[in-house]
Amino acid sequence: MLLPMIAMLPFVSPGLFAAGAACVSIPIIIHLLNRRRFRQKPWAAMQFLIAAYRRNVRRLKLQRLLLLLLRCLAILLIAAGIAQFIPISRGLAALLGSGSRLTIVVWNNAYPMGYVPTSGQSPFAESRRLLTNWSRRLPGGEWTAVIGASSNSGPLLEKPVPASPSVTNLIARQKVTEGSPQIAAALMKAAALAKAWRKRVAHVRVWLVSDETASDFGCRSGNNPLAKPSGDLHALRQAVKAIGAAGARFRVFDVGRPDAANMAVTELRFTRPAVLIGHDIHLQLKVLNSGAQAEPNVSVRFLIDGVSSGRQTIGTIRPWSAMTANVLLPDPIELPGLHALTVRLAADGLPIDNIRQRVFRARTALKVLLVDGKPGDPAQGVLASTAWLEAALAPADKGNRFAPRRIEIDELPGADLRHYAAVVLSDIAPPGAADIQRLERFVQRGGTLMIYPGEEADASAWTHLGGGLLPAAYGARIHTPAKTPQTLDVTRSARSIMAPFIAAQRQGIHTGIFHIAIHQYVQLIPRAHADVLLKMRGGAPLLVEGDFGRGRVAVWGTSCDTRWTDLPAQPAFLPLIYRVMDQVLVARGGRHNLLVGRKLVLAAGHQTRMELRGPGGSTMELTEMLVGAGKSGHLQLSGAPMDTAGVYRTTAGVPMAAVNVDAAAGSNLAHIAARAAAECFSIPASRIVTEPEELRSSHRSATGPAGNIGWLMLMLGLLMLASEALAARAFSRYRLSTQTMGVQA
Amino acid sequence: MAGDSTSGEKIDYRRHLDPKVLAKIGALDIRARLIVEGFISGMHRSPYKGFSIEFAQHRPYTSGDDIKFIDWKVFGRTDRHYIKQYEEETNLQVMLVVDASASMAYSGRNNPPWRKYDHAISIAASIAYVALQQRDSAGLAVYDSRIRRIIRPSNNPRQWRIMIDELSATVGDPKTDTGAVLDQIAEELKHRSLVILVSDLFDDPERLIKGVRHLRYRRHDLICLQVLDHDELDFPFHQTTMFKGMEEANELVVEPQALREAYLKEITEHNNRIRTACHQLRVDCTQIDTSVPLDVSLPNFLASRAARMS
């Protein structure tokens, strides 16, 4: 109760003042004790003493009171001086002869600041040295706030405090984080702080201490943030504008290295929806070269579960550009379960982004549920509508990538959808509301729903399902003339699907992709944000895909069998289906891979807690928590945000999470020159100090008022003590050498 | 209590007769102005008619004696200077009036247990001794609120011892009434006398002056020796002190330094008032600081008095 009240006192060291204020009781106690403690003296000349006392009793009392007051005031002033009084109002500060000042330091403590050049120290170490020296020289009472400009900064000094050794110590203790730079957000925080403190202090200034790299301005590649203005640049300008509107002066201290060069793996993903046991592992990775020199023959090393899986050269990367490379790992995975893949470049000045890791689950095959609206009649040789698809997905007895299971519509309510990666509805009318809800939940949790039309399907009923499940609305059913059927427009379809067909065609291999005849189709009207993967001649969509929750829904415009099209009979059918499945199936394991600063969330399962061991022997505990309420409520394991990049494993060694720095957002270390940076911030170039020797501001040098007041009060206190001594002497007028009454003999 | 002493205790007479003090006093003329006038008038007119002015004896000439009293005949025979003394010189009556009230029992910080009363009786004894040695009559009155004991003036050789006994045995009353005592002394003394009042004069000044005036009216000569402790003159106290009245049952807690100036002003005003009145009544009045040795203060006083008389 008392401590918070003391903490609210307007002093640099409120505790010290409280202790000093308590000392005020000392002269009072002494005064009271003196009234009780006296010696006794028989006195002959009592009549004169009493007469003197009667004549001076009021004066004596007044003098006593005045002396007591002076003593108390002296102690109080000295205590206030030592504790460094801070005028909390601007008026009081002005009255005391000086305006107070708040310096908000926006300190880029993101991982790129840890870049260590071949000579010298990192920008972060340099900025820490500058800030420490600056803080040490600050006069007492000058307000300071420090805001970290990293996605994983954590609170530094986001509430302004008066300058003190503890502030200096706090700055000196800071370490670079593994978060990505978030300059605009930090500047916006500074602007809000400046606005809030505008009336409390006379001057507010905002200093950005950063390495001024392209990443700070939102560049993913290149070295000119103005070449392709991004949302980050716009946000930066808005923040600087807000700082100006708050009456604060903005200044940039550039601690970056113009010669910084950095290589980083900014992206790593599997090109197929799942890693299957015994199958090749297809990877796609993106490598950034943020140096001024081209990097020839960039070599990448791969490791699975810490064991080398080979090294591949991806080519030469031009200066200030990124290269995307598709890689096929030669060694397939042999065991199902979770594994960790590590991609590593040669080490450079910023080694943290030379490594990228990913945790994935290896499966035997992807299960696909085929729901058939027209089961067919084997006795009469009538194939089910999904028969062609089933054959395509599982062409061999074993070693298939997919494990299809075919059911009829009546069996759908009893099927456990959680076991399947995809559900294919072929030629069926919309199921009941309960099944629709189950399907929606299935897709929201990461499943893929694929719908084929047919004779049984009521297009209008599907269209009116609502809820945004379908990425496209059904239109009219079109019958094309037998002689001029509709065909697939290979060139206008998604290149990610068509690329191998085009390549095969160029090599003279007949795939039939250009000769697919579509006799009937349903018009598809794509919704906003939906992707048209396949198009027919004239641009009519044949396959539209859209996200729903964490999953995807794909809608075909023609049938799954040969009733409306001869696609299943073409050689291209199987590879086309595989390409489409790779495209629409959602890669699982996303929750195991996250960026620094994010929380790891895993399904609870049977465990109520889980202990993970991270890089450098660090440990992390995940505990069970309930998410959501009612029927949608479910248990999850979650812990604190991950602040260190690396692979986190269970105590049994099973990789559970791969945490990476956001290299795409932070690893472009191309240094932005002062003029260009000034243009980006929309400020004069003079406000940008490059290679600062120390942090100074051209702004009016305002001596910290609290510092002055502290000294002033200290001096006043000492003056009070001297006054008390003089007053006590004057009141007593005691002169030992004076003989008031001469002795005559 | 002033003057208290154990009855069975052997009285140290020499305590009051410091030979050094007495030697210095013996070298000076302490005879009062009126007696001197009488002696001179013996040559012209005597104020004491009926008393013998016959030659009594010779005594050696001492520095300060008037050379006109040198017996030149004796000088012619013996080649030494002798002064002729007459009977008239023995008619000086010295009445020592000593204050024995409670306030005289104060002993200062510097010289405990030397009380003001000790100082006063030393003075009285010294003067009485010298007077008796010169064959003057000496008497004593010890008082507080009234005269406790009076010894009429006499030049009997045992007179001095009687006076010393009385001074040593006197027990004082807390109160003082010097004025009334002086009135009483004035009435008691039949002959013109030299009255020497030894007191701190902590009394009502009006009553005191009235008593002095009465004495002077009776043509008695008066010397006031105000005996004060150095503490009373300087008030050199620092700590908070409860002062307890020695004559009155009152007490006062004060910070001495804060009240010092006012106190000194009060006591100075009191003393000045008495002094002024004494001066107007041609009474010698002086302060004697108990911290100053008697062999300094008393001869100084007598020398200055002799100078004034001459």
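Residues numbered from 1 in each chain as written. Chains lettered and ligands numbered in written order. Predicted model: local features only at pLDDT ≥ 70, side-chain atom pairs only at ≥ 80, totals over all residues.

Draft legend 1. Representation of the overall build of chain A in the model. Looking only at helices and strands, chain A features 17 helices and 31 strands. A total of 745 residues make up chain A; the buried ones form 43% of that total. Contacts in chain A between residues far apart in sequence, at least 24 positions, make up 75% of those at least 6 positions apart. (Helix = DSSP H or I, 4+ residues; strand = E, 2+ residues; numbered from the N terminus. Buried ≥ 20, exposed ≤ 12 C-beta atoms within 10 Å, placed from the backbone. Contact = placed C-beta atoms within 7 Å.)

Draft legend 2. The overall build of chain B, seen in detail. Broken down by element type, chain B carries 10 helices and 10 strands. A separation threshold of at least 6 residues defines the contact pool for chain B, and within that pool the share at least 24 residues apart is 77%.

Draft legend 3. Layout of the sheet that holds strand S6 (residues 194-199) of chain B. Residue and element names in this part refer to chain B. What the 6 strands build is an open sheet, ordered S5-S4-S3-S6-S7-S10; its pairing is mixed. The open sheet terminates on both sides in strands that have one partner only, identified here as strand S5 (147-154) and strand S10 (284-289). Looking at each pair of strands side by side, their axes are set apart by 15° on average, direction ignored. Strand direction decides the pairing type here: strand S4 (residues 137-143) and S5, joined by 5 bridges, are antiparallel. When the bridges of S5 are listed, Tyr-143 appears paired with Ile-147. Relative to strand S3 (residues 93-99), helix H4 (residues 116-133) is tilted by about 170°, and along the sheet it contacts S3, S4, S6, strand S7 (221-228) and S10. Most of the contacts of helix H6 (residues 178-188) go to S3, to which it runs at about 160°, and overall it touches S3, S4, S5 and S6. (Pairing = 2+ DSSP bridges. Axes fitted to C-alpha atoms, helices over the stretch in contact; angles between N-to-C directions.)

Draft legend 4. The arrangement of the nonpolar core in detail. Grouped together as the largest cluster of nonpolar side chains are 170 residues, with contacts concentrated most on Val-106, Leu-187, Ala-190 and Ile-243 of chain A. Not counting residues within four places of it along the chain, the set of residues in contact with Ile-243 of chain A comprises Leu-187, Ala-190, Ala-191, Ala-194, Val-206, Ala-248 and Phe-250 of chain A. Grouped together as the second largest cluster of nonpolar side chains are 84 residues, Ile-123, Tyr-129, Tyr-263 and Cys-278 of chain B included. (Core = buried A, V, L, I, M, F, W, Y, C linked by C-beta atoms within 7 Å.)

Draft legend 5. Representation of the environment of Met-242 of chain B within the structure. All names here are of chain B. Looking at the element boundaries, Met-242 is found in strand S8 (residues 241-245). Classification of Met-242 by C-beta neighbours within 10 Å gives partly exposed; the count is 14. Residues Met-242 and Glu-255 lie 13 residues apart in sequence; the distance between their C-alpha atoms is 8.9 Å.

Draft legend 6. Molecular detail of the sheet that holds S8 of chain B. Ordered in space as S1(A)-S8(B)-S9(B), the 3 strands form an open sheet in which the pairing is mixed. At either margin of the open sheet sits one strand with a lone partner, and together these are strand S1 (39-43) of chain A together with strand S9 (251-254) of chain B. Here the average twist between neighbouring strands, direction ignored, is 25°. Sitting on the sheet, helix H4 (residues 46-82) of chain A is in contact with S1 of chain A together with S8 and S9 of chain B, with an inclination near 55° to S9 of chain B.

Draft legend 7. Inspection of the pairing of S10 of chain B at higher detail. Residues and elements named next belong to chain B. A large share of S10 lies buried, amounting to 5 of its 6 residues. Relative to S10, S7 is paired through 6 bridges, and the arrangement is parallel. Bridge pairing in S10 links Gln-226 to Gln-287.

Draft legend 8. View of unusual backbone geometry. If you check the backbone angles, Asp-427 of chain A has positive phi at about 55° while not being a glycine. The topology assignment puts Asp-427 of chain A in the loop between strand S17 (422-426) and helix H11 (433-444). Despite not being glycine, Leu-201 of chain B shows a phi value in the positive range, around 60°. By the secondary structure assignment, Leu-201 of chain B is in the loop between S6 and helix H7 (205-217).

Draft legend 9. Region of interest: the pairing of strand S16 (residues 402-408) of chain A. Residue and element names in this part refer to chain A. As judged from the 7 bridges shared by strand S15 (residues 366-372) and S16, these two strands associate in the parallel manner. Looking across to S16, one finds that Leu-369 is bridged to Arg-405. You can see the chain leave S15, run along helix H10 (residues 387-393) and come back into S16, and the turn it takes is right-handed. (Right-handed = clockwise from strand over helix to strand, strands pointing away.)

Draft legend 10. Here's a closer look at the confidence of the model for chain B. All names here are of chain B. Across chain B, the average pLDDT comes to 75, with 75% of residues at or above 70. When the criterion is pLDDT under 50, residues 1-53 qualifies, and its contacts beyond four places in sequence or with other chains add up to 98 contacts. Our summary of model confidence lists the complex with pTM equal to 0.58 and ipTM equal to 0.76. (pLDDT = per-residue confidence, 0-100.)

Draft legend 11. Fine view of the packing of helix H3 (residues 25-36) of chain A against H4 of chain A. All names here are of chain A. Taken N-terminus to C-terminus, the directions of H3 and H4 make an angle of 155°; their axes are 8 Å apart at the nearest point. Looking at the two axes, H3 sits roughly antiparallel to H4. The segment H3 lies against H4, with Pro-27, Ile-28 and His-31 engaging Leu-68, Arg-71, Cys-72 and Ile-75. Of the residues contributing to the contact of H3 with H4, the split by class is 5 nonpolar, 1 polar and 1 charged. (Parallel < 35°, antiparallel > 145°, perpendicular 65-115°, else oblique. Nonpolar A, V, L, I, M, F, W, Y, C, P; charged D, E, K, R; others polar.)

Draft legend 12. View of the interface of chain A and chain B. On the chain B side, the residues contacting the 32 residues of chain A number 44 residues. At the level of secondary structure, the elements contributing two or more residues to the side of chain A that touches chain B comprise S1, H4 and helix H17 (705-732) of chain A. Examining the composition of the side of chain A that touches chain B, we find that 12 residues originate from one element, H4 of chain A, more than from any other. In the side of chain A that touches chain B, the residues fall into 19 nonpolar, 9 polar and 4 charged. Looking at chain direction, S1 of chain A and S8 of chain B are connected through 5 bridges and run parallel. By the bridge assignment, Pro-42 of chain A is partnered in S8 of chain B with Lys-244 of chain B.

Draft legend 13. Spatial organisation of H11 of chain A. All names here are of chain A. The terminal C-alpha atoms of H11 lie 16 Å apart, and with 12 residues this matches the ideal 16 Å at 1.5 Å per residue to within 8%. Summarising the contacts, the buried residues of H11 are in contact with S17, strand S18 (448-452), strand S22 (541-548) and strand S23 (551-556). Downstream of H11 by one or two residues, Gly-446 has phi in the positive range, about 115°. (Expected span 1.5 Å × (residues − 1).)

Draft legend 14. Here's a closer look at the packing of helix H8 (residues 183-197) of chain A against helix H9 (residues 231-245) of chain A. Residues and elements named next belong to chain A. Running from amino to carboxyl end, H8 crosses H9 at an angle of 15°, the nearest separation of the two axes being 8 Å. It follows from the interaxial angle that H8 and H9 lie roughly parallel. The interaxial crossing formed by H8 with H9 has left-handed handedness. Facing H8, whose interface residues are Ile-183, Ala-184, Leu-187, Met-188, Ala-190, Ala-191 and Ala-194, H9 presents Asp-232, Ala-235, Leu-236, Ala-239, Val-240, Ala-242 and Ile-243. Here the residues of the contact of H8 with H9 sort into 13 nonpolar, no polar and 1 charged. (Left-handed = near helix turned anticlockwise from the far one by under 90°.)

Draft legend 15. Here's a closer look at the confidence of the model for chain A. All names here are of chain A. Residue-level pLDDT values for chain A average 85, and 92% of them are 70 or greater. Throughout residues 698-707 the model reports pLDDT below 50, and contacts reaching past four residues in sequence, or to other chains, amount to 35 contacts. Here residues 734-745 scores under 50 on pLDDT; set against residues more than four positions off or in separate chains, the count is 22 contacts.

Draft legend 16. Geometry of the environment of Gln-523 of chain A. Residues and elements named next belong to chain A. In this structure, Gln-523 sits in strand S20 (residues 520-526). Residue class for Gln-523 comes out partly exposed when judged on the 15 C-beta atoms lying within 10 Å of it. Residues Gln-523 and Ala-459, 64 residues apart in the sequence, show an inter-C-alpha distance of 9.6 Å. Ignoring any residue separated from it by four or fewer positions in sequence, one finds Gln-523 in contact with Gly-475, Ala-476, Ile-478 and Ala-540.

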